[in-house]
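# Descriptive analysis of the structure
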Amino acid sequence: MQIPSYIATLVRPLPKSATTERKLWAIGLNTTWLPFFTATNLEGATFIPAEAMGCPMRLAVGKDGEVKFSDSGKPRLGVAKELSTAIRLIRENFVANLQKHAADVATENAEGYAKLLVSYQDAGRPIAERQNEKMVAAITARYAAEAAQAVAPEVAVPERELVPA
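Parameters at a glance
Residues numbered from 1 in each chain as written. Predicted model: local features only at pLDDT ≥ 70, side-chain atom pairs only at ≥ 80, totals over all residues. Heavy atoms only, no water. Salt bridge = Lys/Arg side-chain N within 4 Å of Asp/Glu carboxyl O. Helix = DSSP H or I, 4+ residues; strand = E, 2+ residues; numbered from the N terminus. Buried < 20%, exposed > 50% of the residue type's maximum accessible area, 1.4 Å probe, protein only. 1 Å grid on protein atoms, 1.4 Å probe; cavity = no way out; pocket = protein on both sides within 12 Å on 5 of 7 lines; lining within 4 Å. Points joined across faces, edges and corners; volume = space filled by probe spheres on them. Nonpolar A, V, L, I, M, F, W, Y, C, P; charged D, E, K, R; others polar. pLDDT = per-residue confidence, 0-100. Expected span 1.5 Å × (residues − 1). Contact = heavy atoms within 4.5 Å. Core = buried A, V, L, I, M, F, W, Y, C linked by side-chain atoms within 4.5 Å. Axes fitted to C-alpha atoms, helices over the stretch in contact; angles between N-to-C directions. Parallel < 35°, antiparallel > 145°, perpendicular 65-115°, else oblique.

Let's shift gears to the pattern of salt bridges. Evaluated as defined, the whole model comprises five salt bridges. Across the pair K115 and E111 runs a salt bridge whose closest N-O atoms are separated by 3.2 Å. With K115 and E111 both in helix α5 (residues 110-151) and four residues apart, the pair spans about one turn of that helix. The same class applies to K115 as to E111, namely exposed. Between R142 and E146 there is a salt bridge, with the nearest N and O atoms lying 3.4 Å from each other. Taken together, the residues span about one helical turn, with R142 and E146 both in helix α5 at a distance of four residues. Its relative accessible area of 57% is what places R142 among the exposed residues.

Here it is as structure tokens:
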């Protein structure tokens, strides 16, 4: 079976980037999305307006037109609607392609796919059982501690007397 080049590219590790930037769908806006959409605009595959490409970050505003602020008091920023819509479309198509590839492989080699799923379940079963045992023990210990605390009489803590300095 020949692996499609786009799948081989997806699963190949690449060096991590040390830059921090605005990410959309965990992908950098300036390092990936803007160059990608510049290329697709040039090819005619997308038609994202120059205004959205030139100023992709926008102040978030409410229905009343007022700028929105975060809890920390900073103005909230969002991505231009045209870019956001194009990225959502790519994400939806990406998921559909992953699902189609899995279905195609499962159909083409049903026996091998089924055997691999069984081997995954067999390999994961001991881990799942240990995790379940740990979870039950932790929940039991927590309930026991809560029950002991509820039964124990409350000890009154005397208030401290304030002493002038």
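The discussion continues.
This next bit is on the layout of surface pockets. Considering only enclosed or pocket space, the second largest pocket measures out at about 250 Å³ in volume. Around the second largest pocket, the lining residues are Y6, I7, L10, W25, I27, T32, W33, I90, N93, F94, N97 and L98. Among the elements of the structure, α1 (5-10), α2 (29-43) and α4 (81-108) are those that each provide at least two residues to the lining of the second largest pocket. Ranked by the residues each element gives to the lining of the second largest pocket, the list is headed by α4, at five residues. Of the residues contributing to the lining of the second largest pocket, the split by class is nine nonpolar, three polar and no charged.

Here the focus is the confidence of the model for the chain. For residues with low pLDDT, the predicted coordinates do not support detailed interpretation. Here the chain averages 88 in pLDDT, while 91% of its residues score no lower than 70. Ranking the helices and strands of the chain by mean pLDDT puts helix α3 (residues 50-54) first, with 96, and α1 last, with 74.

The end-to-end C-alpha separation of α4 is 40 Å, in line with the 40 Å expected for 28 residues at 1.5 Å each. Listed as buried for α4 are L83, A86 and I87. Each element contacted by the buried residues of α4 is listed here: β1 (23-24), α2, α3 and β4 (77-79).

Soluble, globular proteins show a tendency: their nonpolar side chains are buried together. Counting residues in hydrophobic clusters, the biggest one holds 13 residues, and the most contacted among them are L24, W33, F37, I48, M53 and L83. Elements that contribute at least two residues to this core include exactly α2, α3 and α4. Not counting chain neighbours up to four residues away, the residues in contact with L24 comprise L29, W33, V79 and I87.

Right, let's talk about the environment of K63 for a bit. Tracing the sequence through the fold places K63 in the loop between β3 (57-59) and β4. Expressed as a C-alpha distance, the spacing of K63 and K100, which sit 37 residues apart in the sequence, is 40 Å.

On to the packing of α2 against α4, then. To describe two helices that pack against each other, one gives the angle between their axes and the distance between the axes. Where α2 meets α4, the closest approach of the two axes is 12 Å, and the angle between their N-to-C directions is 90°. Relative to α4, α2 is oriented roughly perpendicular. In contact with W33, L34, F36 and F37 of α2, α4 contributes L83, A86, I87 and I90. Among the residues forming the contact of α2 with α4, the class breakdown is eight nonpolar, no polar and no charged.

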